[in-house]
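Structural features, examined
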Amino acid sequence: MRFKNLTIGQHIPGDSVIHRLDPRTKILGTTMLIVLLFSVNGFIGYGLAALAIAAVIQASELPWRYVLRGLRPLMVILILTVSLNLFMTEGEPLLRIWFLTVTKEGLLRGLMMGARLVLLIAGTSMLTLTTSPIQLTDGIETLLNPARKIGVPAHELAMMMTIALRFIPTLLEETEKIMKAQMARGADFQSGNLMQRAKNLIPLLVPLFVNAFRRADDLAIAMEARGYRGGEGRTKFRELRFGRIDAAAITIVIAFTVVVGFFF
Amino acid sequence: MRNKNIQIMVETAVLVGAALLLSELRLFRAPQGGSVSLEMLPIFVLAFRRGGAAGVLGGALLGLLQLVLGGYFVHPIQVFLDYPAAFMVLGCAGFGMLKRNKWLGVAVGSFFRLLIHTVSGVAFFGAYAPEGSSVWAYSFSYNAWYLVPSAIITGIVILMLGRPGEVFEPR
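All figures in this text were calculated on a predicted structure; none of them were measured in a lab. (Residues numbered from 1 in each chain as written. Chains lettered and ligands numbered in written order. Predicted model: local features only at pLDDT ≥ 70, side-chain atom pairs only at ≥ 80, totals over all residues. Heavy atoms only, no water.)

What follows covers a nonpolar patch on the surface. Residues and elements named next belong to chain A. A surface patch of nonpolar side chains, about 980 Å² in accessible area, is lined by Phe43, Leu94, Leu95, Ile97, Trp98, Phe99, Leu107, Leu108 and Leu111. Elements that contribute at least two residues to the nonpolar patch include exactly β1 (93-97) and α6 (104-130). Following the sequence through the fold, phenylalanine 43 ends up in helix α3 (residues 43-60). (Patch = residues over 30% accessible without salt bridge, like charges linked within 9 Å, V, L, I, M, F, W, Y side chains within 5 Å. Areas by Shrake-Rupley, 256 points an atom, 1.4 Å probe, with all protein chains shown as cover. Salt bridge = Lys/Arg side-chain N within 4 Å of Asp/Glu carboxyl O. Helix = DSSP H or I, 4+ residues; strand = E, 2+ residues; numbered from the N terminus.)

All right, on to the packing of helix α8 (residues 154-184) of chain A against helix α1 (residues 4-24) of chain B then. Packed helix pairs are characterised by how far apart their axes lie and by the angle those axes make with each other. In the contact formed by α8(A) and α1(B), the axes pass within 7 Å of each other and the chain directions differ by 55 degrees. Relative to α1(B), the element α8(A) lies oblique. Here the hand of the crossing between α8(A) and α1(B) comes out right-handed. For the pair α8(A) and α1(B), the contacting residues are A:Glu156, A:Met159, A:Met160, A:Ile163, A:Ala164, A:Phe167, A:Ile168, A:Leu171, A:Leu172 and A:Thr175 in the first and B:Met9, B:Val10, B:Thr12, B:Ala13, B:Val14, B:Val16, B:Gly17, B:Ala18, B:Leu20 and B:Leu21 in the second. (Axes fitted to C-alpha atoms, helices over the stretch in contact; angles between N-to-C directions. Parallel < 35°, antiparallel > 145°, perpendicular 65-115°, else oblique. Left-handed = near helix turned anticlockwise from the far one by under 90°. Contact = heavy atoms within 4.5 Å.)

On to the packing of α8(A) against helix α3 (residues 52-68) of chain B. Interhelical geometry of α8(A) versus α3(B) gives an angle of 65 degrees and a closest axis separation of 10 Å. Comparing the axis directions of α8(A) and α3(B) gives the class roughly perpendicular. When the axes of α8(A) and α3(B) are compared, the crossing they make is right-handed. Across from A:Leu157, A:Met160, A:Met161, A:Ala164 and A:Leu165 in α8(A), the residues of α3(B) making contact are B:Leu57, B:Leu61, B:Leu64, B:Leu65 and B:Val68. For the contact of α8(A) with α3(B), the per-class residue count stands at ten nonpolar, no polar and no charged. (Nonpolar A, V, L, I, M, F, W, Y, C, P; charged D, E, K, R; others polar.)

Next up on the list: the packing of aromatic side chains. Residues and elements named next belong to chain B. Applying the stated criterion across every chain, the model contains nine aromatic pairs over all chains. Between phenylalanine 124 and phenylalanine 125, the aromatic rings sit 5.0 Å apart at their centres with planes inclined by 85 degrees, giving edge-to-face as the arrangement. Among the residues examined, phenylalanine 124 registers a relative accessible area of 5% and is labelled buried. Plain terms: the ring middles of tyrosine 138 and tyrosine 142 are 6.3 Å apart, the flat faces sit at 20 degrees to each other, and that makes the pair stacked. Remark: tyrosine 142 and tyrosine 138 occur in helix α7 (residues 136-161); sequence separation between them is four residues, near one turn of the helix. Its relative accessible area of 31% is what places tyrosine 138 among the partly exposed residues. We classify tyrosine 142 as buried; its relative accessible area is 14%. (Phe/Tyr/Trp six-rings, centres within 6.5 Å; stacked < 30°, edge-to-face > 60°. Buried < 20%, exposed > 50% of the residue type's maximum accessible area, 1.4 Å probe, protein only.)

Pasting the structure below:
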């Protein structure tokens, strides 16, 4: 187990137009993109969607390789999807390699499915690349607010997500400290087979859990002492602000989705 | 009089944080997403300690946070199954007899997760692959490939964690 350079999440801070948009705008925009990518049915539609995503990447001032890197883990699935479509769709044969036949329909379908996958992943990753997890959590909370009427505890969910995120660095530090302490006593976390390794983790995990519960208890007492009563009437240090730039962005996105989704 | 709800809420949140941390400490990474890690451990601990409902809630939060931190979206059904649903079912380990037989709880929870990932894989191929490709076996074996070792390690650790008693019994 290595801790060096451990980064959790893929958010890259920045000050571009895209970074400054309200998280709610970005969540809605991403939803529209998903709807669009599942409703277009032709290369013009995918081409236009690709141009739109490229424009967003350019506006976000992020290096392109960050976005492209996100595609790497799905390379196998991508190749599999394209080749399955390529060889297994029936239709007009174009090319015969040994026992495999490439059909015209298969080629078109394969390229289209591949394009949809790549665009979906690139497009949705723009949301998590340009928005911090805390902002996203805030955005989700306000977007879930209408669902409170049917009993969805929007505030509590967001609060728990925030606490979880807040505790990752704390727990990481604690894990490192415990590991060093146990290694000084002769614990070995590196060698042995699977069973051995799992067993070796016990002196790490027991103090980690016990400490985590203690910290959780402290935080719960502190929250109660400050009169925490859930979401009702609670104010925020950083309010989300839906500005003119957000209104403009939403208008453009909706107009684009309707036009492209309808005509292509 | 302590407010039990706040206590459980904060404890759930902190354990979900621990799960996120453990999910990054991969013991082994599979090529198409999914990896062998102890990420399920805190959710099982939560389920055994505070009951199935807390476990299910914690699992849902873990899934949502993984999505927020950069999950993969290829199909609406796939996202719902792979993120909140797959981790929610781990919480089942906190219900009834599964809570008393911890190894059974881990096995059943992990098996449900495997099923959900399998269905998600089938849903994905249903949308992207031509009709007639046989995908159930592929999806099942691919997911089993990293989930079964994860579940075994988690199970061993759970059994050994039980001995000090402090972990599963709230004070």
